[in-house]
Amino acid sequence: QTSLSAGAGVTAAIINQTKFNITGEFLTSYGFSTASGGFLGGSVFGLSGSARINIYNLLFGKNLSIGYDYINDSYDIDEERLDYDLVGHTITLGVSF
């Protein structure tokens, strides 16, 4: 699968430099895509987003990071058998050492 897309989105952040930060972003995109073996292409529409919470010096000087990522790509390629939707969810938990 090959695609070329352009998108726009929004990012927000709340930051307390000594205790925590919270960030979030959301992006929409639209573009052209072709499948392997296909002579013509089609379109791809995408949505993605992420959120992170970082807490500083939570326990014994260690930092904690909690995150969530979302992706949704919808492919509409030249033949119906090549059309599909891709949806993904990721949860992240991190501790600094």
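Remember, predicted model here, so these are calculated numbers, not experimental data. (Residues numbered from 1 in each chain as written. Predicted model: local features only at pLDDT ≥ 70, side-chain atom pairs only at ≥ 80, totals over all residues. Heavy atoms only, no water.)

**Comments concerning the environment of Gly 9**
Here is step 1: Of note, Gly 9 is situated in strand S1 (residues 2-16).
Here is step 2: Along the chain, Gly 9 and Arg 81 lie 72 residues apart, while their C-alpha atoms are 31 Å from each other. (Helix = DSSP H or I, 4+ residues; strand = E, 2+ residues; numbered from the N terminus.)

**Here we look at the sheet that holds S1**
Here is step 1: The strand order across the open sheet formed by five strands is S1-S2-S3-S4-S5, and the pairing between neighbours is antiparallel. Pairing within the sheet leaves two strands with one partner each, and these edge strands are S1 and strand S5 (84-95). Between one strand axis and the next, the sheet turns by 10° as a mean value, whatever way the strands run.
Here is step 2: In the sheet, strand S3 (residues 42-59) pairs with strand S4 (residues 62-76) via 14 bridges, with the strands oriented antiparallel. Bridge assignment links Phe 45 to a residue of S4, and that residue is Ser 74. (Pairing = 2+ DSSP bridges. Axes fitted to C-alpha atoms, helices over the stretch in contact; angles between N-to-C directions.)

**Overview of the packing of aromatic side chains**
Here is step 1: Within the structure shown, the criterion is met by one aromatic pair.
Here is step 2: Between Tyr 75 and Tyr 84, the ring centres sit 4.7 Å apart and the planes meet at 25°, which makes this aromatic pair stacked.
Here is step 3: When its relative accessible area of 36% is taken as the criterion, Tyr 84 is described as partly exposed. (Phe/Tyr/Trp six-rings, centres within 6.5 Å; stacked < 30°, edge-to-face > 60°. Buried < 20%, exposed > 50% of the residue type's maximum accessible area, 1.4 Å probe, protein only.)

**Examining the side chain of Ser 43**
Here is step 1: Here Ser 43 is to be found in strand S3.
Here is step 2: Owing to a relative accessible area of 18%, Ser 43 belongs among the buried residues under this scheme.
Here is step 3: Leaving out residues up to four positions away in the same chain, Ser 43 has contacts with Tyr 30, Gly 31, Ser 74, Tyr 75, Asp 76 and Ile 77. (Contact = heavy atoms within 4.5 Å.)

**Topic: the pairing of S3**
Here is step 1: The pairing of strand S2 (residues 20-34) with S3 spans 14 bridges and is classified as antiparallel. Across the sheet, residue Ile 22 finds its bridge partner in S3, namely Ile 53.
Here is step 2: Between S3 and S4, which pair antiparallel one after the other, the connecting turn spans two residues, and Phe 60 there sits at a positive phi close to 55°.

**A look at a nonpolar patch on the surface**
Here is step 1: Taken together, the side chains of Ile 14, Ile 22, Ile 53, Ile 66 and Leu 93 define a hydrophobic patch exposed on the protein surface, amounting to about 450 Å² of accessible area.
Here is step 2: Relative to the helices and strands, Leu 93 is located in strand S5.
Here is step 3: The exposed category is assigned to Leu 93, whose relative accessible area is 66%. (Patch = residues over 30% accessible without salt bridge, like charges linked within 9 Å, V, L, I, M, F, W, Y side chains within 5 Å. Areas by Shrake-Rupley, 256 points an atom, 1.4 Å probe, with all protein chains shown as cover. Salt bridge = Lys/Arg side-chain N within 4 Å of Asp/Glu carboxyl O.)

Taken by themselves, the reported measurements are silent on function.
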